[in-house]
Amino acid sequence: EYHTIRVPRGGEYNLQLADGSKVYLNAGSSLRYPVRFAGERREVVLTGEGYFEVAKDTARPFVVKAGEIDVRVLGTAFNVNAYPERETVAATLVEGSVQVNYKAGQQVIRPGMQLVYDKQNGKAEVSAVDTEVYTSWKDGYYEFEEMELGELMPLLGRWYAVGVDFEEPELKRLKFSGRLQRYETVADLVKMLEYTGDVVFEVKNDRILVRKR
């Protein structure tokens, strides 16, 4: 028997699985998981973004199926970003060891590393990253470094369940660095963003318009 948890835009959810593993689900995500794990491996299906703290069980690997990749572990902490609208799927390892399987092959990554799989060309690249940047969302804030506005705003849009429009396409390429807490309203958040760049944000109903200052 399986359950599916769907987290709406603007929401978040934490749960503990039958084996004691903990899962943090970001806004606009879903997780399909069994009521209890049977057989030789523990398997869940993720859409969107989730942070996993996997209970160790050397006899039964834990597998996260996330779109074009499978992440296989025994016991570890890692983040998977697999929103369908993104051009990539990313697995970021905080501690332990994971094996990432994809169409063209597989790779083992170590703590502090991130594998990014490109859906278009089927290739995967592994690099060293600051894992805090990719896992801070579960603690109620976003930390970002030289992130283009075209990537940052959809993240925030999911957090606050709002749509985002850009007055001019080139505004999407502006880069921002900083740390944003999860404020009660999106208006409070965009005020903080305005201090750091050459753009202004107009909030109306459930949409944000990004304009030049």
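Position labels on residues start from 1 in each chain and follow its written sequence. A pLDDT threshold of at least 70 governs which residues receive local features in this predicted model, and a stricter bar of 80 or more applies before side-chain atom pairs are shown or counted, although totals over entire chains, interfaces and linings include all residues. Only heavy atoms go into the side-chain values, all of them from the structure, while hydrogens and water stay out.

**Student:** Which parts of the structure should I look at to understand the overall build of the protein?
**Tutor:** The helix and strand labels rest on DSSP assignments: H or I over at least four residues marks a helix, E over at least two residues marks a strand, and numbering proceeds from the N terminus. A tally of helices and strands in the protein yields three helices and 18 strands. Scaling as 2.2 N^0.38, a compact globule of 213 residues should have a C-alpha radius of gyration of about 17 Å, and the protein matches this with 18 Å. Principal axes of the C-alpha set define a box for the protein whose edges measure 60 × 30 × 25 Å. In this scheme, a residue with accessible area under 20% of its type's maximum is buried, one over 50% is exposed, and one in between is partly exposed, where area comes from a 1.4 Å probe on protein chains only. Residue burial in the protein is summarised as follows: out of 213 residues, 45% are buried. The reference for a compact globule is 2.2 Å times residues^0.38; the radius of gyration itself is calculated from the C-alpha atoms.

**Student:** Is there a simple way to think about the sheet that holds strand E17 (residues 199-204) in this case?
**Tutor:** Here, any two strands with at least 2 DSSP bridges between them count as paired. On the basis of which strands lie adjacent, the open sheet formed by three strands has the order E15-E18-E17 and mixed pairing. Where the open sheet ends on each side, the last strands, each with one partner, are strand E15 (163-166) and E17. For this sheet, the mean inter-axis angle between neighbouring strands, taken without regard to orientation, is 25°. Where E15 lies against strand E18 (residues 207-212), four bridges are found, and the strand directions are parallel. For Gly-163, the partnering residue across the bridge sits in E18 and is Arg-207. Sheet strands in contact with helix H2 (residues 149-160) are E15, E17 and E18, and its direction is about 155° off that of E15. We call two residues in contact when some of their heavy atoms are within 4.5 Å. Only the stretch in contact is used when fitting a helix axis, every axis being a line fitted to C-alpha atoms; angles between N-to-C directions are given from 0 to 180 degrees. Relative to the sheet, helix H3 (residues 186-194) contacts E17 and E18, its axis offset from that of E17 by approximately 170°.

**Student:** What's the story with the packing of aromatic side chains in this structure? I'm lost.
**Tutor:** Any two aromatic rings considered together are summarised by their centre-to-centre distance and by the angle between their planes. Ring pairs are drawn from Phe, Tyr and Trp, using the six-membered ring of Trp, whenever the two centres fall within 6.5 Å, and their geometry is named by plane angle: stacked under 30 degrees, edge-to-face over 60, tilted for the rest. Applying the stated criterion to the full structure yields seven aromatic pairs. Consider the rings of Tyr-102 and Tyr-117, whose centres lie 5.6 Å apart with planes at 45°: the pair is tilted. Of this pair, Tyr-102 sits in strand E10 (residues 98-102) while Tyr-117 sits in strand E12 (residues 113-118), and the two are 15 residues apart along the sequence. Of the two residues, Tyr-102 and Tyr-117, both sit in the buried class. Members of the aromatic cluster, joined through ring pairs, are Phe-37, Phe-52, Phe-62 and Phe-78. Charge over a ring is defined by NZ of Lys or CZ of Arg lying within 6 Å of the ring centre and within 35 degrees of the ring normal. Between Arg-32 and the ring centre of Tyr-2, over which it is positioned, the NZ or CZ distance is 4.0 Å.

**Student:** So what exactly am I meant to see when it comes to the layout of surface pockets here?
**Tutor:** Over the atoms, a rolled probe matching the size of one water molecule traces out where space is still vacant. Space inside and on the surface of the protein is sampled on a 1 Å grid over the protein atoms alone, with a cavity defined as a set of points where a 1.4 Å probe fits but cannot get out and a pocket as an open set with protein on both sides within 12 Å along at least 5 of 7 lines; lining residues have an atom within 4 Å of a point. Grid points are joined across faces, edges and corners, and a volume is the space filled by probe spheres set on the points. Reported here for the largest pocket is a volume of approximately 370 Å³. Lining the largest pocket are 19 residues, and of these Arg-86, Gln-114, Tyr-134, Met-147 and Glu-151 sit closest to its centre. Looking at the lining of the largest pocket, the elements that each hand over two or more residues are strand E8 (77-82), strand E9 (88-95), E12, helix H1 (131-135), strand E14 (141-148) and H2. Sort the elements by how many residues they give to the lining of the largest pocket and E14 lands first, with four residues.

**Student:** For this particular structure, what's the right way to read the pairing of E17?
**Tutor:** In summary, the side chains of a regular strand alternate between the two faces of the sheet. Relative to E18, E17 runs antiparallel, the two being bridged by six bridges. Bridge pairing in E18 links Phe-201 to Val-210. Once E17 ends, the chain turns through two residues before running back antiparallel as E18, passing Asn-205 with a positive phi of about 55°.

**Student:** Sorry if this is basic, but what is going on with the environment of Arg-110 here?
**Tutor:** Relative to the helices and strands, Arg-110 resides in the loop between strand E11 (105-109) and E12. If we skip the residues at most four places from it in the chain, Arg-110 touches Leu-93 and Ser-97. Side-chain polar atoms of Arg-110 contact the side chain of Ser-97, separated by 2.9 Å. Between N or O atoms, a polar contact is any pair within 3.5 Å; within protein, one atom must be a potential hydrogen donor and the other a potential acceptor, and residues adjacent in sequence are included only when both atoms are from side chains.

**Student:** I would appreciate a short explanation of the pairing of strand E13 (residues 124-128) in the present structure.
**Tutor:** The pairing of E12 with E13 spans five bridges and is classified as antiparallel. When the sheet's bridge partners are listed, Tyr-117 is paired in E13 with Ala-124. Taking the residues between adjacent antiparallel strands as the criterion, E12 and E13 are bridged by five residues, where Gly-122 takes a positive phi near 70°.

**Student:** Got a minute to help me understand unusual backbone geometry in this structure?
**Tutor:** Trans peptide bonds make up most of the peptide bonds, and negative phi angles are found at most residues other than glycine. A positive phi angle is found at Glu-146, which is not glycine, with a value near 50°. With respect to the helices and strands, the residue Glu-146 is situated in strand E14. The phi dihedral of Ala-161 is positive, around 55°, even though this residue is not glycine. Counting through the fold element by element, Ala-161 comes out in the loop between H2 and E15.

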